[in-house]
Structures are given as structure tokens and as C-alpha cells.
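Analysis of the macromolecular model
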Amino acid sequence: MTFFEAVLLTIITASTPLVIAAIGELVTERSGVLNLGVEGMVIIGSVSAFVAAQMSGSAYVGLLAGVGGGAIFSLLFSFLTLTLVANQVATGLALTIIGLGASGMIGEAYVGVPGVRLLPLEIPVLSDIPYIGNILFKQDIIFYLSIVLVVAVNWYLFHTRSGLKMRAIGDSHSSAHALGINVIRTRYLAIMFGGACAGLAGAQLSLIYTPQWTENMSGGRGWIALALVVFASWRPWRILAGGYLFGAVTILQLHAQAFGIGIPAQFLSMLPYAATVVVLIIISHNRRATLVNTPASLGKTFVPDR
Amino acid sequence: MRIELEKRRNVSKLFGFVSPLLALLLTLSAGAIMFLFLGKAPLDSLYALLVEPLFDPWSLNELARKAGPLILIAVGLSVCYRSNNWNIGAEGQYSVGAIFGSIIPVYFYGWSSPMVLPLMLLMGAIGGGLFAAIPALLKTHFNTNEILTSLMLTYMAQLLLDWITRGPWRNPDGHGFYGTRDFTPDQTLPPIWDDAISAHWGFIFAVIAAILIWFMMRYTLKGFEVVVLGHSERAGRFAGFSPKKMVWFAFILSGALAGLAGISEVSGSVGHLQPDISPGYGFTAIIVAYLGRLNPLGIIASGLVLALTYIGGEAAQLSIGVSEKVTRVFQGFLLFFVLSCDTLITYQIRIVWSRVRRKAGATA
């Protein structure tokens, strides 16, 4: 394997959790709900996956636990914002705070314990293709899932009746309600999907990216995923582009640190965050273009009138 | 079973007062259940966590030390949140305030004058305010989401603090410790009352700030402007208020207060600038602001409650052998229950057991 291939592989590993968490949040936001708790759901996914993998000895059990952990954890958010119509921004922050705290407490006994690594799955035939075979078809299952998810979400949102309804809810929950669409139920499901994806992203972190448990190991990736949704202007394909852009920045700055190019490590570590800000500026400054794509009911609470 | 909400005719004054207390009670119950799961005696653990610290004079001073920055930051955030500006980067503004305030002790170490301390505090506030001006600028000029930018800037501020204290500002005689030289007495925020109250003046600043902001919100046009623009930007524009100016005002005010909290902590408690100067005050202050129902006077009370969870967590580590991470879980619970209970202020909650919809509305 060449050095170039190795770098590409690490970029894919770094990008996958961002893509997965972002595609989940995209669905949530398309239904009109802004869930700022992605960071909390990701870290809950990480810790659930790690602990379950330890207890069962199987990384796949860990993967399922990560997905389940994220989905169940997101119910807290749904109950507060949908049933009790609490402020979505504040509740999302609460979800992040409680997720970081609870994961630290659950994972405390596992600090320094070597993790169970999820092994790659080689796809026969395809993995023999020169150059791209090594990079794309000797990956772990979560990478394949990330691509499938993007394709599936795009198909669901823009080519199915149910997806059309979901977008209608996101654009005007009152009109959708008047048409007889069950706003609350759809949103519960959309948030849960977002939670499951965030949990899967977290599982990738603790089973593949760095197979161990460290506190706060999500390192702001949930927040970057939120920014990615804005970057993608709520379109699934662009999540892929954005995710890989951020993954590349993260990995390249790590290589720059290793080479020691004379810039302090801290400044290089700032790059992914700085890139997020710059990208947000570029995407958002065209006010009209942003408004066209933003789900019009995003972040507003909905109380069904009777 | 279904939960239905019915809007009250008027906002309930009673529940405005009861809801934070109810949230506290629910948090205690959730905490008790959590301790049960951890295999500890629930009541004894809660006692050790939240009551025992109150009997120790040292702890009371510690309470004031921790409540100071929490209240100072939360009061600023309350203005932001009421005006519908979501500054969640207070942690970063706190760090940059601490860095700015430390410029004088680092570069003018030998300068001795009564002006040193006030200048340091002023610099701290300016630093925090300037740093908070960045998301304000981005929001007003480029329409970027202030939640994301203020948070990204927080990560960057923490890396900046890490670099500056390990790199250019590091004390060469530090014997392997990272951080600046220890501040001189001139550069140190004194205790409130020599030996009797050893907590530093940061707490007093916090209480003064809370009272001033309370006055502003209640009796001045500016306070009215904050509330109107927070409720409806459109209504505010009709009244001649500028939403853009409000963004600047809310961010710079909250940033300056967070910066002041940062330099006060460094000068009063830590004694020098180092990579780690906050146990997450900037984020916990969000909880403080909400538990205080975004009211500056309420925030004084809620700041004390959250400060208690910090020192209780430290104490419980020794006395009942639970991790100090219990603190963060407790704080998270608290915010959750506060947000849930706030529903009671504007809505009546009814639990409907049957699946059939009520027909009463149709006949009325």
C-alpha cells in the first residue's frame, strides 16, 4: 500500500462519522426540528458501543448498541420538544451536556482498556480493482452503511410520498397538520433516525477510529455535523462532499503536525473548527439562497390546535 | 394514552415560581435513582452531595468562588437568550478574557500600582467582548448561525490558551508546570473580607452585575427593547428598534461579562494563567441562566445551586466514593427538568387515556 493510499484511507475513516451524523441530522431538520444534541448523542453512541463490545466480545453487538443507545437517548429530546413543546435550542444543549456527563460516568471504568476493533469486510472481486479496490472495497461495514444511508435518504426525501410529507411538515407544520399528516409522529421518527445515525457515528469512533474509550472522544464532531447540514443546504449529496472536505482537513493537519512544519500544533488543531466557520460564512452570506433551502418551520415549536 | 397541552389564558405566575423548585425536586429524585443504580444509599449520597458542604466555612467560601463566574456569565447569557441571540460560546469568551487580562501581569510584571488590578479586569472584559463580537459580526454581516460559530470559536479559544501558556507565556522557572509566572499581590484579586471571608471579589462583581442587569431589564427602554426583539423581530422593527444593533449589544455584553469572569478567576483563584482554568463554567452557566428563568435575580440563586453541585461533587468523591462526573450528570438532569417544568407556566397538561378524540370542542 502506498503512502498516498494510506492517507486516503485515514481520510475516509475520519470522514465517515461526520457523514453519518450529518445525514441523520439532515433528516431531523428536514422534518422541521433543530436538534443541537448531536454531540451528546454521538458520545452516548460511542460509550454504548464500547461497553457492549467489551461485555459481549463482539464489535457487531457494539455497533448495534451504539445505534440503539443514540436512538433511545434522542427520545429524551423528542419528549421534551414535541410533547412538552420545550425550546429546541435549549433542550438540544441539555442533551449534549447530559450526554457528555453520563458517558463520562459510564465509561470511567473502561478508560485505558483496549477496545474491540471492528474488522474490515473485503468485498470479493471489487476489492481486486487496482488503486480504488484497496481504498473503497476493503472497508468496514460502517463505511458502506454511510454511503447507503446517503443514497437512501436522498431517495426517501425526494422520491417517496412519505418523504414528500416529511418535507411538507418541515416547511409548514400547520399546513401539514391541516392536511391530516401526523406531525408529531413523523417528527418523533425523524428525531429517532437522527439519534440512531449519531449513535452509529459514535460507534464508529470507539470501534474503528480509535478503538478505546476516552472522555469527550467525540471532540466536537457532533457540532461539525450540524454545520455540515447547513453547508449542504439540507441536500443529502452535498453532505458527502462536505464530510470528506472536513475529514481531509482533519487528517491533513494531523500529518502536518507529524511533519513539524513550524506551526504550533494547537494552531493546526484549530483548522477543522476554523474551516467550519469559514464554510458557514461562504454558505450563509447569500441570504436568499439560504432561505430557499432552509426548512421554513425549522426550530419552531408546534402545538396541534383542536 | 396521550398527553395534551392546553394554553393557559394567562401565563401562570404561580408556576413561574414553582417550576424551578419542582425541577429541583425532580432532579433530586432522578439523582436518588441514579445512586441506587450505582449501589449507594440514595439519601445518604444526596446528603453528602448537596447538604454536607453547607456546614463547612471553607466550603461556603468555595461556594462563593464557584458561584461568582457562573452568575457573571449567566447574567450576560440571559440578556442574549431573551433577545433571541444564542451565544453558547461563553466558555471561549471566558478564556480569551483571561488571556487579555493577563497581558499586564505577563508583559509588565514589575509594574506596581493600584491601577494594575482595575486595568487587568478592564482588559479581561474587553477581551471577552471582542471575542464575542466575532459571532455578532458574522451574524449581522454574513447571516451565519451564531450557535455554531460561537461554539467553534470556543474550541479555538481553548487551543489558543493551551498554546500561549505552554509556549510564549510559559514561566521558564516553572519546573515542568505549564503556565505563566505567579501573579504578584498587586495583580491578585483580594478576598472580600481578609480572613473572615476568603472568597475573592469575583462574587461581589457577579451580584452587582446581576442587580444592574435586573434594573436594566425591568426599568429601562433597553430592557424593553431586548424583550420585544426577542419575542418578535418584526414587532421590534415597527417600534424602531434595530435587530442588528441588538445582536451586537447582546453578544458584546455577555462576552464582556464572561471575560471579566475569566480574569477574575485567574487573578483571584488560580494565581496565574494556565491551560486549564475552568471546569466548564461557560456551559454550566447556560443551565444557571435557565434555572434562574433568565431573570438576573433568579440567576443569583441558581448560580449558588449549581456551584453547590460542583463542590458537592468534589466532596462526594471522597466521602461516598462516586466519580466527580456525577456533577455533570446532575447538572444535565437539572436543565432537562427545568425545561420540562417550564411548560407548566404557559400550558395546562392533560393526560388523555382514551384513544377517542374529545368532541367537546366541536359543540362549544
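Placed above this text is the structure.
All of these numbers come straight from a predicted model, not from anything done at the bench.

Topic: helix α2 (residues 38-56) of chain A
With 19 residues, α2 of chain A should reach 27 Å at 1.5 Å per residue; the first-to-last C-alpha distance of 26 Å fits that figure. At the exit of α2 of chain A stands glycine 57 of chain A, carrying a positive phi of roughly 80 degrees.

A closer look at the interface of chain A and chain B
By a widely used convention, the size of an interface equals the accessible area lost when the partners come together. Each partner contributes residues to the interface: chain A has 43 residues there, and chain B has 39 residues. Only α3 (59-83), α4 (88-107), α10 (221-231), α12 (265-284) and α13 (287-293) of chain A provide two or more residues apiece to the side of chain A that touches chain B. Here the residues of the side of chain A that touches chain B are counted per class, giving 28 nonpolar, 12 polar and three charged.

Regarding helix α6 (residues 116-142) of chain B
Two residues of an α-helix separated by three or four positions point the same way, owing to the 3.6 residues in each turn. Relative to the 39 Å expected for 27 residues at 1.5 Å per residue, α6 of chain B spans 38 Å between its end C-alpha atoms, a close match to the ideal helical length. The sharpest bend along α6 of chain B comes to roughly 25 degrees, located at isoleucine 134 of chain B, with the proline proline 135 of chain B sitting one to four residues further on.

Describing the packing of α2 of chain A against α3 of chain A
Packed helix pairs are specified by the crossing angle of their axes together with the interaxial distance, meaning the distance between the axes. Residues and elements named next belong to chain A. Relative to each other, α2 and α3 sit at 145 degrees, their axes nearing to 7 Å. In the crossing of α2 with α3, the sense of the turn from one axis to the other is right-handed. Contacts from Met41, Ile44, Gly45, Ser46, Ser48, Ala49, Phe50, Ala52, Ala53 and Ser56 in α2 reach Ala59, Val61, Gly62, Leu63, Ala65, Gly66, Gly68, Gly69, Gly70, Phe73 and Ser74 in α3. Grouping the constituent residues of the contact of α2 with α3 by class yields 11 nonpolar, 10 polar and no charged.

Concerning unusual backbone geometry
Located in the positive-phi region is valine 85 of chain A, a residue other than glycine, with phi close to 40 degrees. Looking at where valine 85 of chain A falls in the secondary structure, it is placed in the loop between α3 and α4. A count of 16 C-beta atoms within 10 Å places valine 85 of chain A in the partly exposed class. In this structure, arginine 293 of chain B takes a positive phi of about 55 degrees despite not being glycine. With respect to the helices and strands, arginine 293 of chain B occurs in the loop between α12 (281-291) and α13 (296-319).

Description of the packing of α2 of chain A against α10 of chain A
Residues and elements named next belong to chain A. Two elements in contact, α2 and α10, have axes whose closest approach is 7 Å; the angle formed by their N-to-C orientations is 130 degrees. Relative to α10, the element α2 is oriented oblique. Here α2 and α10 pass one another in a crossing that is right-handed. Counting all contacts with α2, which are made through Val38, Glu39, Met41 and Val42, the residues of α10 involved are Arg221, Gly222, Trp223, Ala225 and Leu226. Its residues assigned to classes, the contact of α2 with α10 shows six nonpolar, one polar and two charged.

Remarks on the nonpolar core
Ranked by internal contacts, the top residues of the largest apolar core, which has 203 residues, are Leu228 of chain A together with Ile71 and Ile73 of chain B. Here isoleucine 73 of chain B is in contact with Ala90, Tyr94, Leu257, Ala258, Ala261, Tyr281, Gly282 and Ala285 of chain B, once residues within four sequence places are set aside.

Re the pairing of strand β4 (residues 347-352) of chain B
Residues and elements named next belong to chain B. The buried count for β4 comes to zero of six residues, which makes it a mostly uncovered element. Note: strand β1 (residues 2-7) against β4, six bridges, orientation antiparallel. When the bridges of β4 are listed, glutamate 6 appears paired with glutamine 348.

Comments concerning the environment of glycine 92 of chain A
Residues and elements named next belong to chain A. Following the sequence through the fold, glycine 92 ends up in helix α4. When the 26 C-beta atoms within 10 Å are taken as the criterion, glycine 92 is described as buried. Distance in space between the C-alpha atoms of glycine 92 and glycine 115 is 30 Å, their sequence separation being 23 residues. Setting aside its immediate chain neighbours within four residues, glycine 92 contacts Leu34, Asn35, Leu36, Gly37 and Phe77.

Parameters at a glance
- Residues numbered from 1 in each chain as written.
- Chains lettered and ligands numbered in written order.
- Predicted model: local features only at pLDDT ≥ 70, side-chain atom pairs only at ≥ 80, totals over all residues.
- Helix = DSSP H or I, 4+ residues; strand = E, 2+ residues; numbered from the N terminus.
- Expected span 1.5 Å × (residues − 1).
- Contact = placed C-beta atoms within 7 Å.
- Nonpolar A, V, L, I, M, F, W, Y, C, P; charged D, E, K, R; others polar.
- Bend = angle between axes of the 7 residues up to and from the residue.
- Axes fitted to C-alpha atoms, helices over the stretch in contact; angles between N-to-C directions.
- Left-handed = near helix turned anticlockwise from the far one by under 90°.
- Buried ≥ 20, exposed ≤ 12 C-beta atoms within 10 Å, placed from the backbone.
- Parallel < 35°, antiparallel > 145°, perpendicular 65-115°, else oblique.
- Core = buried A, V, L, I, M, F, W, Y, C linked by C-beta atoms within 7 Å.
- Pairing = 2+ DSSP bridges.

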